[in-house]
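Structural description and commentary
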Amino acid sequence: MADGQWYPPEWPDRIRAHAEGTLVPVAPKRAATVLLLKDTPDGPVVHMLRRRASMAFAGGAYAYPGGGVDPRDDDHLVRWAGPTRAWWADRLGVDEAGAQAIVCAAVRETYEEAGVLLAGPAPDAVVGDTTGDDWEADRAALVARELSFAEFLDRRGLVLRSDLLGPWTRWITPEFESRRYDTWFFVAALPAGQRTRNASTEADRTVWIRPEEAAAGYDKGELLMMPPTIATLRQLLPYGTAAETLAAAPARDMTPVLASARLADGEIVLTWPGHDEFTKRIPTDLTNGGARP
């Protein structure tokens, strides 16, 4: 392949059905993911994980820590620092309860999959080492959904540090996909005193990598990624530090990116608005192997 773009092998058949009006779209589930950054002498690096090859969805693809929103975090007010829930609701395009749940998901998933916790005992503090057995027991309970993130924060007496997150972009899984997510992407800087680790059962490798290096690996076909991942990597390139990236977040356009498919001249044309590099043309009589840019 010319690049590292991944898409499911069943897409051609589903796209044909969608274009013909015989496929009923699945309602997307809310999700959040975080581009965790840290500065180095060579510029900022981003934390990425590689999904296990055995995973049914995007196996072998590089991604960021992230996952679904827990509905239990909609209706339980947590101790909160940073921009108000109303500010977040406006930026994320949801109501205040939904904004809290989405921000909770971003912070929770970063803790679950990378061991980094954007919360502290006070509005101007962040926890230090979270690798002890008691912390790990709570993290495992969060992963198993035996404990909601709101309950976790209450139990620990912690304040959620929403000011350590920046809203970056929003992508919605195409209507022809069988698994659909409405995903909000955030940026954050690694807090002083904390370190990442591969805490995810879905990943076989984690790396800190310069966005330029990761994008070059994708372009060479060496690193597999889904469109939102490589798109957000390229969006990091203009910024020389993690702080510059976070400073740019409040002005970002959060209009959702949603792929569309149409039939034209015997082909299925798959496009992502504003992202021409992902355009695919799939002959109607071929499967995934026949897709071409």
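Just so it is clear, the model here is predicted, and its values are computed rather than measured.

**Let's talk about the packing of aromatic side chains**
One pass over the structure, following the stated rule, counts nine aromatic pairs. Consider the rings of Y111 and F152, whose centres lie 5.5 Å apart with planes at 25°: the pair is stacked. You can see Y111 sitting in helix α3 (residues 96–114) and its partner F152 sitting in helix α5 (residues 149–156), a full 41 residues away along the chain. Take Y111 and F152: they sit in the same class, and that class is buried. Feature note: the residues Y111, W135, F149 and F152 constitute an aromatic cluster, connected by ring pairs.

**Some words on α3**
Between the first and last C-alpha of α3 there are 27 Å, a value that for 19 residues agrees with the 27 Å anticipated at 1.5 Å per step. Extensive coverage of α3 is indicated by the burial of 17 of its 19 residues. With its phi angle positive at about 75°, G115 sits one or two positions after the end of α3.

**A word on unusual backbone geometry**
Even without a glycine there, the phi angle at R145 is positive, about 60°. In this structure R145 comes out as partly exposed when scored by relative accessible area, which is 31%.

**Comments concerning the nonpolar core**
If you look at the biggest cluster of nonpolar residues, it comprises 39 residues, and the most contacted ones within it are L92, L117, F149, F152, L160, L165 and F186. Elements that contribute at least two residues to this core include exactly β1 (29–38), α2 (85–92), α3, α4 (133–143), α5 and β9 (181–189). Among the elements that take part in this core, α3 stands out by supplying nine residues, more than any other. In contact with F149, not counting residues within four places along its chain, are D73, C104, V107, R108, L117, L142 and L160. Counting residues in hydrophobic clusters, the runner-up holds 37 residues, among them I15, V46, F185 and I268.

**A few points about the side chain of T110**
Relative to the helices and strands, T110 resides in helix α3. When residues no more than four places from it in sequence are discounted, the contact partners of T110 are V34, L36, P65, G115 and V116.

**Thoughts on the sheet that holds strand β6 (residues 119–120)**
Strand order in the open sheet formed by three strands is β5-β7-β6, and the pairing between neighbours is mixed. Pairing within the sheet leaves two strands with one partner each, and these edge strands are β5 (80–81) and β6. Bridge count for β6 against strand β7 (residues 159–161) is two bridges, and the pairing is antiparallel. Along β7, the bridge assignment pairs A119 with L160.

**Focus: the packing of helix α6 (residues 211–219) against helix α7 (residues 227–236)**
With their axes 9 Å apart at the nearest point, α6 and α7 run at an angle of 140° to one another. Our classification of the angle between α6 and α7 gives oblique. Note on packing geometry: the crossing formed by α6 with α7 is left-handed. Residues P211, A214, A215, Y218 and D219 of α6 lie in contact with α7, whose contacting residues are I230, L233, R234 and L236. A per-class count over the contact of α6 with α7 returns seven nonpolar, no polar and two charged.

About the criteria used
- Each residue is numbered by its place in its chain's sequence as written, counting from 1.
- Given that the model is predicted, a residue must reach a pLDDT of at least 70 before its local features are reported, and side-chain atom pairs must reach 80 or more before they are shown or counted; all residues, however, enter totals for whole chains, interfaces and linings.
- Note that the side-chain values use all heavy atoms of the structure and ignore hydrogens as well as water.
- Any two of the Phe, Tyr and Trp rings considered here, Trp counted by its six-membered ring, make a pair once their centres fall within 6.5 Å; the pair's planes then place it as stacked at under 30 degrees, edge-to-face at over 60, or tilted in between.
- Secondary structure follows DSSP: runs of H or I at least 4 residues long count as helices, runs of E at least 2 residues long count as strands, and numbering of each begins at the N terminus.
- When accessible area is computed with a 1.4 Å probe and restricted to protein chains, residues below 20% of their type maximum are described as buried, those above 50% as exposed, and intermediate ones as partly exposed.
- Multiplying 1.5 Å by the helix residue count minus one yields the expected span of that helix.
- Side-chain atoms within 4.5 Å are what join buried Ala, Val, Leu, Ile, Met, Phe, Trp, Tyr and Cys residues into a set we call a nonpolar core.
- Pairs of residues are marked as contacts when any of their non-hydrogen atoms sit within 4.5 Å.
- Any two strands with at least two DSSP-identified bridges between them are counted as paired.
- The axes used here are C-alpha line fits, helices contributing only the stretch in contact, and every angle between their N-to-C directions lies in the interval 0 to 180 degrees.
- Put simply, angles under 35 degrees are roughly parallel, angles over 145 are roughly antiparallel, angles from 65 to 115 are roughly perpendicular, and the rest are oblique.
- Handedness of a crossing follows from how the near helix is turned relative to the far one, being left-handed for an anticlockwise turn of less than a right angle and right-handed for a clockwise one.
- All residues other than Ala, Val, Leu, Ile, Met, Phe, Trp, Tyr, Cys, Pro, Asp, Glu, Lys and Arg, Gly among them, are scored as polar; the first ten of these are nonpolar and the last four charged.

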